[in-house]
2 protein chains.
Amino acid sequence: MVVGDVFKALADPTRRALLDELQERSGQTLYELVTRLITRHGSTSSRQAVSQHLDVLERAGLVRTRREGRYKFHDLDTSPLRAITDRWRLDPEPPPPGANP
Amino acid sequence: MVVGDVFKALADPTRRALLDELQERSGQTLYELVTRLITRHGSTSSRQAVSQHLDVLERAGLVRTRREGRYKFHDLDTSPLRAITDRWRLDPEPPPPGANP
DNA sequence: ACGATAGGCAAGCAACCGCTTGCCTGACAA
DNA sequence: TTGTCAGGCAAGCGGTTGCTTGCCTATCGT
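These figures come from a predicted structure and were not determined experimentally.

Analysis parameters
- Residues numbered from 1 in each chain as written.
- Chains lettered and ligands numbered in written order.
- Predicted model: local features only at pLDDT ≥ 70, side-chain atom pairs only at ≥ 80, totals over all residues.
- Heavy atoms only, no water.
- Helix = DSSP H or I, 4+ residues; strand = E, 2+ residues; numbered from the N terminus.
- Polar contact = N/O pair within 3.5 Å; in protein donor to acceptor, adjacent residues only side chain to side chain.
- Near = heavy atom within 4 Å.
- Nonpolar A, V, L, I, M, F, W, Y, C, P; charged D, E, K, R; others polar.
- Expected span 1.5 Å × (residues − 1).
- Buried < 20%, exposed > 50% of the residue type's maximum accessible area, 1.4 Å probe, protein only.
- Arc of directions from axis to C-beta.
- Salt bridge = Lys/Arg side-chain N within 4 Å of Asp/Glu carboxyl O.

Participant: Any chance you could break down the side chain of D75 of chain A for me, citing the residues and the numbers?
Facilitator: Residue and element names in this part refer to chain A. Structurally, the position occupied by D75 is in strand β2 (residues 71-76). Within polar-contact distance, the side chain of D75 engages the side chain of S26 at 2.8 Å. At 2.8 Å, the side chain of D75 and the side chain of R66 are in polar contact.

What follows is the structure, given as structure tokens:
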């Protein structure tokens, strides 16, 4: 199940921070992400930990990668998140019943 | 972290099936949900398992409950899911590039 | 009162997850 | 060619999770 992988990937705070970081600055390498996680998100994750997190995100389809020489750049892909809003129809605003006559 | 609880709750297929079931028919009891999970979703979860799943969903704010006598009714609440669309800005529809002239 | 029904509590267990540790591969620069 | 830098592979560990098992409480019908 693909949708399960997406939710599992989003269940970890470090992985959500990685998505935040990739949204703000696209095309970062592993080392860039590690240092920016530490300096900007207060994370203490090692290189291997972040690498494994990126694997999970890539398998879930939330991160796309491209190789150039010895560098591997990561890009955010939010399209799998749309399945969430499609599944449980999220209207813009739920009107509170009886709160506003 | 509340947002982490929401994603963890959604990471389980049985819990997602419970949300589907509650969306289709609101206000079901624990026993109703168990039987409908078995008959309609092919699940084999026991009563205790479903009860614990409902606890997780309730703690995540995705399910609201109301007690009447010896019955406990469950209702779906999709408002926590809105945090997802707010965090990684999900536009309503991604225009396919060059697909519709 | 008594049984049946709807649900709750808690201990225990196997499987999974996040992370570390150690070593290895491949690309560039000197 | 040798050293350095970016990244990968895999085994192992401690904590968490999903589920079972067993027992208990509360409400309703008769």
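Participant: Please set out the protein's contact with DNA strand D residue by residue, giving values where relevant.
Facilitator: Taken together, 19 residues sit near DNA strand D, with K72 of chain A together with R15, S46, Q52 and H53 of chain B positioned nearest. Among all atoms of DNA strand D positioned within 4 Å of the protein, those belonging to sugar or phosphate total 64%. Within the backbone of L30 of chain A, an N or O atom sits 3.3 Å from a phosphate oxygen of DNA strand D. A distance of 2.8 Å is found between a phosphate oxygen of DNA strand D and a side-chain nitrogen or oxygen belonging to R15 of chain B. Residue assignment for the surface near DNA strand D shows that the elements contributing at least two residues are α3 (30-41), α4 (47-59) and β2 of chain A together with α4 (47-59) of chain B. When residues in the surface near DNA strand D are grouped by element, the largest group, four residues, is from α4 of chain B. Per-class residue counts for the surface near DNA strand D are four nonpolar, eight polar and seven charged.

Participant: An account of α4 of chain B is needed here, citing residue identities and associated values.
Facilitator: Residue and element names in this part refer to chain B. If you check α4, its first and last C-alpha atoms are 18 Å apart, about what 13 residues at 1.5 Å a residue would give, namely 18 Å. Of all the residues in α4, the buried ones are V50, H53, L54 and L57. Burial along α4 is one-sided: seen end-on, the buried residues are contained in an arc of 100°. Facing away from the buried surface of α4 by more than 90 degrees, the exposed residues are Q52 and R59. A positive phi of about 85° marks G61, the residue just after α4.

Participant: Describe the protein's contact with DNA strand C, with residues and values.
Facilitator: What surrounds DNA strand C is a group of 20 residues, the closest being R15, S46, Q52 and H53 of chain A together with Y31 of chain B. The sugar and phosphate moieties of DNA strand C supply 59% of its atoms located within 4 Å of the protein. The backbone of L30 of chain B places a nitrogen or oxygen atom 3.3 Å from a phosphate oxygen of DNA strand C. Here Y31 of chain B contributes a backbone N or O atom positioned 3.1 Å from a phosphate oxygen of DNA strand C. Those elements that provide at least two residues to the surface near DNA strand C are α4 of chain A together with α3 (30-41), α4 and β2 (71-76) of chain B. By residue number, the principal contributor to the surface near DNA strand C is α4 of chain A, which donates four residues. Of the residues assigned to the surface near DNA strand C, the class counts are four nonpolar, eight polar and eight charged.

Participant: Tell me about helix α2 (residues 13-24) of chain A, and please be specific about residues and values.
Facilitator: Residues and elements named next belong to chain A. When the terminal C-alpha atoms of α2 are compared, their 17 Å separation across twelve residues agrees well with the 16 Å that a helix rising 1.5 Å per residue should span. For α2, the buried fraction is high: nine of the twelve residues fall into the buried class. Residues T14, R15, R16, A17, L18, L19, D20, E21 and L22 constitute the buried set of α2. The residue sitting at the N-terminus of α2 and contributing the capping side-chain oxygen is D12; that oxygen lies 2.9 Å from the backbone nitrogen of T14.

Participant: If you had to explain the pattern of salt bridges to someone new, which residues and values would you point to?
Facilitator: One pass over the full model with this rule turns up 16 salt bridges over all chains. One salt bridge connects R36 of chain A with E21 of chain A, and the closest N-O pair in it is separated by 2.5 Å. You can see R36 of chain A sitting in helix α3 and its partner E21 of chain A sitting in helix α2, a full 15 residues away along the chain. The buried category is assigned to R36 of chain A, whose relative accessible area is 14%. For D77 of chain B, the salt bridge goes to R64 of chain B, with nearest N and O atoms at 2.9 Å. Taken together, the residues D77 of chain B in the loop between β2 and α5 (82-87) and R64 of chain B in strand β1 (residues 63-68) connect sequence positions 13 residues apart. On the accessibility criterion, D77 of chain B (13% relative accessible area) is buried. What you see here is one network of salt bridges that share partners, running through E21, E24, R36 and R40 of chain A.

It is worth stressing that arrangement in space is one thing and function is another; only the former is reported here.
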